[in-house]
Amino acid sequence: MFGAGGGTSSYREIEETDLVVLWGSNAREAHPIFFHHLLEGLRRGAKMYVVDPRRSTSAQWADVWLGIDVGSDIALANALGREIIETGLVDTEFVRRATTGFEEYAASVEPFTLAEGERLTGVPASVIADLAHAYARADRAQLCWTLGITEHHTATDNVLALCNLALLTGHVGRFGSGLVPLRGQNNVQGGGDMGAIPNKLPGFQDVEDDAVRARFDAAWGATVPPRHGWHLSQMLEAIERGDLRALYVLGENPAQSEADDRHTVRLLEGLDHLVVQDIFLTKTAQLADVVLPAAVAAFECDGTVTSSERRVQRLRPALRPPEGALDDIEILSALARRLGPDWGRPSAEEVWDECRSLSPMHAGMRYDRLEALGGIQWPCPSEDHPGTMFLHSRLWEEDPEKRGQPAPFTPVTFEPPLDELTDELPIRLTTGRRLDSFNTGVQSGGYASPLRRPEALELSPEDMASLGVAEGEVVQVSSRRGSITVPVHLDRTLRPGLAFMTPHFPDQADTNVLTLDTWDPKSGTAEFKATAIRVDRLPGDSGAAPVPEKASEKAGVG
Amino acid sequence: MTAVTPVTLRRQVELTIDGQAVTAGEGATILEACRAAGIEVPTLCYLETLAPVNVCRVCVVEVEGSRALVPSCSRPVAAAMVVHTASERVRTSRRMVLELLASSVDLSTAGRDVHRWIEEHGARPERHGPAAPPAERDHAHAGHHEPPEAGLAATVAQAVKRDNDQYVRDYAKCILCYKCVEACGEEAQNTFAIAVAGRGFDARISTELDVALPDSACVYCGNCIGVCPTGALMFVSEHDLRARGEWDESRQEVTRTVCPYCGVGCNLDLHVQDNRIVKVTSPLDHDVTSGNLCVKGRFGFEFAQGGS
Amino acid sequence: MDLRTTEAPPSTAERVAVDSVLGPPESGWFGGGRTALDGHVAIGGLSLARSRRHLLLPVLHALQEQVGWISLAALGYLCTRLDLPPAEAYAVASAYALFSFEPEARVVVHVCDDVACQAASGGDPTEELAARFGPAGSGTTVTWRPSPCLGHCEHGSAALVQVAGERGGCGSLAPFTARDMERLVALGSDLELGDLTTPLALVPQAGTGPTRLLRRVGRVDPASIDAYRASGGYRALRRALELGPMGVIAELKESKLLGRGGAAFPTGAKWEAVARNPLRPHYFVANADESEPGTFKDRVLLDHDPYALVEALTVAGVTTGAEKGFVYLRGEYPTAAARLEHAAAEARARGLLGDDVMGSGLRFDLEVRRGAGAYIAGEETALFNSIEGRRPEPRNKPPYPVDRGLFDKPTGVNNVETLLSTLEVLTLGGAAYAELGTPSSTGTRLFCLSGRVERPGLYEVAMGTTLGALLDLGGGVAGGRPLEAVILGGAAGSFVGPEDLGLPLSFEGAREAGATLGSGVVVVLDDTVDPGAVVARVARFFRDESCGQCVPCRVGTQRQEEVLGRLAADRPLGSLEAELALLADLDAVMRDASICGLGQTASSLVTSAVRRGLLGGEHGNGHAGSGGGGNGHGGGGSARQGR
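Residues numbered from 1 in each chain as written. Chains lettered and ligands numbered in written order. Predicted model: local features only at pLDDT ≥ 70, side-chain atom pairs only at ≥ 80, totals over all residues. Heavy atoms only, no water.

It is worth spelling out the overall build of chain A at this point. Counting its regular elements, chain A contains 22 helices and 21 strands. In terms of its C-alpha atoms, chain A occupies a principal-axis envelope of roughly 70 × 60 × 45 Å. Counting every position in chain A, which comprises 558 residues, the buried fraction comes to 59%. Long-range pairs, those at least 24 residues apart, make up 69% of the contacts in chain A between residues at least 6 apart in sequence. Carbon and sulfur atoms provide 53% of the accessible area of chain A, an area that totals close to 20,700 Å². Averaging the locations of the 53 positively and 82 negatively charged side chains of chain A gives two centres separated by 3 Å. (Helix = DSSP H or I, 4+ residues; strand = E, 2+ residues; numbered from the N terminus. Buried < 20%, exposed > 50% of the residue type's maximum accessible area, 1.4 Å probe, protein only. Contact = heavy atoms within 4.5 Å. Areas by Shrake-Rupley, 256 points an atom, 1.4 Å probe, with all protein chains shown as cover. Lys, Arg positive; Asp, Glu negative; His and termini not counted. Charge placed at Lys NZ, Arg CZ, Asp CG, Glu CD.)

A separate point is unusual backbone geometry. At the junction of C:A174 and C:P175, the peptide bond is cis and its omega measures out at -5° in the coordinates. Topologically, C:P175 is positioned in the loop between β5 (169–173) and α8 (178–187). The omega torsion of the bond from C:R280 to C:P281 falls at -5°, within 30 degrees of zero and hence cis. Within the secondary structure, C:P281 is located in the loop between α11 (267–276) and β6 (282–288). Positive phi is not limited to glycine here, since B:N190 has a value of about 55°. Following the sequence through the fold, B:N190 ends up in the loop between α4 (179–184) and β7 (195–197). Residue C:K256 is not a glycine yet carries a positive backbone phi of 55°. Here C:K256 shows up in the loop between α10 (235–255) and α11. Looking at C:K256, the relative accessible area reads 41%, which means it is partly exposed.

Let us now look at the nonpolar core. If you look at the biggest cluster of nonpolar residues, it comprises 207 residues, and the most contacted ones within it are C:L78 and C:F495. Top contributing element to this core by residue count: helix α13 (residues 306–320) of chain C, with nine residues. When residues no more than four places from it in sequence are discounted, the contact partners of C:L78 are C:V18, C:L56, C:V59, C:L60 and C:L63. Within the second largest apolar cluster, 54 residues are counted, among which are A:A59, A:V305, B:F301 and C:M1. (Core = buried A, V, L, I, M, F, W, Y, C linked by side-chain atoms within 4.5 Å.)

All names here are of chain C. Strand order across the open sheet formed by five strands is β11-β10-β14-β12-β13, with mixed pairing between neighbours. Two strands close off the open sheet at either side, each with one partner strand: β11 (457–462) and β13 (494–496). Adjacent strand axes in the sheet meet at a mean angle of 30°, parallel and antiparallel pairs treated alike. Bridge count between strand β12 (residues 483–488) and β13: three bridges; the pairing is antiparallel. Across the sheet, residue I487 finds its bridge partner in β13, namely F495. (Pairing = 2+ DSSP bridges. Axes fitted to C-alpha atoms, helices over the stretch in contact; angles between N-to-C directions.)

All names here are of chain A. Partitioning chain A into structural domains gives domain 1 (11–181), domain 2 (188–307 + 311–377) and domain 3 (427–554). Computed over C-alpha atoms, the centres of domain 2 and domain 3 are 33 Å apart. Facing the 16 residues of domain 2 at the interface are 19 residues of domain 3. Taken over both partners, the interface formed by domain 2 and domain 3 buries close to 1,400 Å², and the fraction arising from carbon and sulfur atoms is 51%. There are one salt bridge connecting domain 2 and domain 3. (Domains from an automatic or database assignment. Buried area = accessible area lost by both parts, 1.4 Å probe. Salt bridge = Lys/Arg side-chain N within 4 Å of Asp/Glu carboxyl O.)

What follows deals with the interface of chain B and chain C. It is common to report an interface's size as the accessible area lost on association of the parts. Facing 67 residues of chain B, the contacting portion of chain C comprises 67 residues. The junction of chain B with chain C conceals about 5,500 Å² of combined surface from both sides, 54% of it contributed by carbon and sulfur atoms. In terms of surface lost to chain C, no three residues of chain B exceed B:H145, B:R199 and B:L209, which account for 14% of the buried area on that side. The interface formed by chain B and chain C includes five salt bridges. Ionic pairing is found between C:E545 and B:R199, a salt bridge with its closest N-O pair at 3.0 Å. Between the two partners, chain B and chain C, sit 32 residue pairs in polar contact (both at pLDDT 80 or more). Elements that contribute at least two residues to the side of chain B that touches chain C include exactly α2 (88–104), β7 and β8 (204–206) of chain B. (Polar contact = N/O pair within 3.5 Å; in protein donor to acceptor, adjacent residues only side chain to side chain.)

The interface is formed by 56 residues belonging to chain B together with 58 residues belonging to chain A. Roughly 4,600 Å² of surface becomes buried between chain B and chain A when both sides are summed, with 62% attributable to carbon and sulfur atoms. Viewed at the interface, chain A and chain B are joined by one salt bridge. The residue A:R43 makes a salt bridge to B:E186 at a minimum N-O spacing of 3.6 Å. Summed over the shared surface of chain B and chain A, the result is 24 residue pairs in polar contact (both at pLDDT 80 or more). Elements with a minimum of two residues in the side of chain B that touches chain A: β10 (252–258), β11 (267–273), β12 (276–281) and α7 (295–299) of chain B.

Right, let's talk about the pattern of salt bridges for a bit. All names here are of chain C. Within the structure shown, the criterion is met by 97 salt bridges over all chains. Two residues, R350 and D226, come together in a salt bridge whose shortest N-O distance is 2.8 Å. Of the two residues, R350 is situated in the loop between α14 (334–349) and β8 (365–370) and D226 in helix α9 (residues 225–230); the sequence distance between them amounts to 124 residues. Of the residues examined, D226 reaches a relative accessible area of 43% and is grouped as partly exposed.

Here the focus is the packing of aromatic side chains. Taken as a whole, this structure holds 26 aromatic pairs over all chains when the rule is applied. Consider the rings of B:Y167 and B:Y220, whose centres lie 5.3 Å apart with planes at 65°: the pair is edge-to-face. Linking B:Y167 in strand β6 (residues 167–169) with B:Y220 in the loop between β8 and α5 (223–227), this pair joins segments that are 53 residues apart in sequence. With a relative accessible area of 1%, B:Y220 lands in the buried category. The structure contains a cluster of three or more aromatic residues connected by ring pairs, namely A:F280, A:F299, A:F438, B:Y261 and B:F303. It is A:R310 that lies over the ring of A:W378; its NZ or CZ is 5.7 Å from the centre. Positioned above the aromatic ring of C:Y77, the side-chain terminus of C:R15 is 4.7 Å from the ring centre. (Phe/Tyr/Trp six-rings, centres within 6.5 Å; stacked < 30°, edge-to-face > 60°. Lys NZ or Arg CZ within 6 Å of the ring centre and 35° of its normal.)

Another point: the sheet that holds strand β9 (residues 411–415) of chain C. All names here are of chain C. Within the open sheet, the four strands sit side by side as β8-β7-β6-β9. Their pairing is parallel. A strand with exactly one partner marks an edge of an open sheet, and here the two such strands are β8 and β9. With strand direction ignored, the average angle separating the axes of adjacent strands in the sheet is 20°. Judged from the six bridges that link them, strand β7 (residues 322–329) and β8 form a sheet pairing that is parallel. Residue pairing for β8: F326 is matched across the bridge by E367. Helix-sheet contacts for α11 involve β6 and β9, and the interaxial angle to β9 is about 155°.

Listed below in structure tokens is the structure:
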């Protein structure tokens, strides 16, 4: 946000905030220990609003749940912004001193009246107004989100729409007020921090900045290409165009994790050369020309990962890897040696020390300090710096000098999901995680979870009744991309017209056969969250038993 | 361990513990003051990460001017307080608490300290009589009980509960310290799958109407097991190794790393024996988890040792 | 909260019972039918859930009364309605004796077999029932079960009858004999609550002496606010409003009124501490959960003079700045509950409760909450937990209620007798009140006289009256037999003997004798009563009533009962000396290390019996031996076996 890509706040702040807005995040299941901190906040009296199409297990803790239609996030955010402006609840001094572009923003949200908000989101106007007022009036407020915001074709605009709200109300840069994107994997944050994104070098230093590149060139004794690279969705397009002919995949399983994964498999199959480095012979690895067996980072390797609160923490080897599997650093070094430069066999700490010498925000994070402090939050520019609990406090400085660059409002326009609902495809399928499972199940499939049940298409009781399907009945689910067969499971957290699946069991029910691979041009994230489907009973299945009447809602799943 | 922690300034309080002048921060408990002064006070239901419930009463001390003994784990220090941690009254009550527990609960997998305290205080559980045979305890009706069989000492002995793949609940070992209830409830997980049901000697840890864990709200975070002081709650992995006589802590190494799942960054302490993870815990003194994990962090390690 | 409740739907009766307390469901998310709006919004959250939790006990009562038991499905529905985890709801419900979790006979007769009825009957009052109607728990439509003291001690026998059904509830029968049981069995499924007659109160002093707290009992219509006012009612409230809070507190301080609950805390100081506490809101609670075996004064007062408590609680409220009061009433007192509710409704209708109390502009109202069979709920902090819908477990003190009590807010709590005494202070004036009784125990005191006494009943005497004089008022030992011992103060009290008849019944008098007035219990034992059996019953009582929270009480009360069982059976483990040493150690740890007063006094009657040689030793051997061997009281006969 406003520069470096990381959440502005710390977990501790959500314990001491006054209002939590959880938007497109089922943290209760996807980030359970973060949710502990959030619950502590609720116990201390914070109010919580949850924006989610489903009344998820997180939403069940909310004072108010706003059940928006899938993909209408920008409409809601803009309606909130308009209502805040309309009712005079803008933090005018913060906006004046610390932001730019307010007028344009105000103009852009003008069409989003409460009534229009209700029409576009399905949430009653009074409830939208209630959230707008509560957020603007709170002394401290945390706005948190996850993939419910980013797995849309408008991912980046969705995030910007939320940032606009924080700027409007001054809910950023203060203890207890901030913007909190929760990271889905243990080192998504660290990967970005280390430059594993198309446009940045380690420490969010722009690859197109000559001065920056010069330092890296000098340190590495090589020339860093002065251009942005491709993100995954662009790579897949490049493969399709024939521009990209060889791929080296480290610890990803795109053959199952990408939207419209059958298409992805076809692309991978068409490559000249595919190298996969993984701990398992994943579906992707099975397509590879060369597989490099890797050790398990978290359990068998030295190194660091970075969490959603920008905390860099140590990984330490506890297990000896199986015969033949090597630490990633060893594999990369060996590969480098065969390609030319001999890096030797640096230790993880040596690699880290090099990073510290090049990335100013990591400069102070010596291994022994990481050890002693239980991790350090970036930026940590020097070895006597304690790390940073929250970002952007400069925006509150009275001295313009210290305040620095103001934060820009970014007007964003609302576009509904691309995969339109029609009479033929009347049900909106959205996806998410279940507590005991993870992504495509490569890791989580290995343990005996007492919570685990087979993948199912979760449907509202109303839809089950109107389709005449019974609990457990196997049905055909079809989208514009393909069809799968899957059993049905009743989920009372869904409203009519909304269905839910997870990507956890691709071998049993390949959810991503259905999803749309259209991606956000700014972030490269595909629109996993909004698929138009139809559900058909399989031929030969006679009339299903009626859905059992049940008084209390079933929670703990979905 | 948050790097930037606003410092709360606390007034200092002067008190006397066992004749020794001691200074403690205002709001500190007597227990904290004792520990700072190097005085051992036994505890069972106390844990740094949980609000004290002060139910085991093994940490009681004598505070001059107070009629009854006071629980040191929860009573804050006060200026000019005079505390005795080893007076005859204190030793008698401690001995009896340990004796009452040892006579009614299987303490075989409780920590070494517990057995040391029993010995040091001269507790003699055998003087309450031979133990009554195991009994069904889950449906006792409050206010009614079978009269004790003459000559036998009632115990909490009962069948082991094993109704899922990850937990074993052996309530014959339960001292009812409430820690699991607190960890499952307000103090951490907020799932409230278990609570103390019934009352008196029939009080027990229970789901609603004793339904099996898979039918309860349990989400298998293992945080209850993480705080259990007696081994009444155990991971299947540990339980089975013990049953086979293969559990050997002297051969175990504990390595701290970060959970391989979501982006919260929970620290894991992997307990490894013979290159296999046999138990996963989390450090109590790390702000991110305070000892707590979720089901994935706690159990989702099998993929790294051929479980997939 | 993300609850998980059973899949099984509630029955119609269960739904109706829950809704009878909570009203219809607010939305499809909390037990109602799903609407289109529910698909897009839900109002819930922790603060809403917290604000509803106090309704748990009333809902459980409704289920027990209307359905007769609490099923998993019913629990699931009520938890959905209250946004409360089922394990928590079960934890609370299972701590009370009056709730069942399996289908029950439609009529459950709880028959008192506690010390006063035992003494009065000279044996186990349930023996004949067991012989004629089968062991406890038998019978499909009507069943019986032994019960701790039901608070009808002056009648010498009593039963509480739970009748399940649409218009279910409970009623009392006292005295209660096998003939009454016959009638109930004969009525069987036709039995209605109306078939149960409200027992009378025995107040032998009525009309004979200058009583204060008892002056209306039996003489003034308990259902008429006009009758109450015509007999002096609401003068104290008028006076309190004239004096203002600090004026009332000054009178109370001058009166030197001490709390009648056992701790003898100065009432004025307590009210002042609440009144001056800057935290808001304040609450005031009348503790009417009298469950001490041998105690029945609250029942008599509330059955027959309910307006007095309504007025007194109003005085307490306007004085301490509490706008909300609660009467926490024993679940076993259905008549008192009905009459209090009626009295409060009339007071409300007359503007004596509500937004403008007696035209003063001050706001005060009260709610009656019923316990459900838990002695421990009479401990003030356990009582707060009970009202809040939590397990009736005592809290650690400090913090004290005046700082953090009910709902964690400053709370005043007094028992009924204390509250009614404040009315006397206000009508007489503090100074005049202080003239009554002794200089340090001012005023009058109620005593519950029962057991082997000629005229059992509730007596009011000036503080300092001797025990002998009180017994004389009651006509002495029944049948003129020799006095063996008196249980003074209740199960948590102690034995005194014939040599103690000169003991002045005042706080200091009792203290000097190493005794306590407790709740004013005086159970008279003559030479036909086996003290060993009495002590064994008391040990069983504490074993049954311990909340189980702390180790000393939870295991100690079990072990104490075991030792007494061994002594009664004359089978000491090791030697008698070893057993007595064990009792002494149990006494030490329970007295010194228990959380609350229950555990701290659970051994006091036993210890007192040992000291007086009533158990074991040279005197006691014969008693204990004969108790176990001869009369079959000691070890617990089959009739005792609950379930």
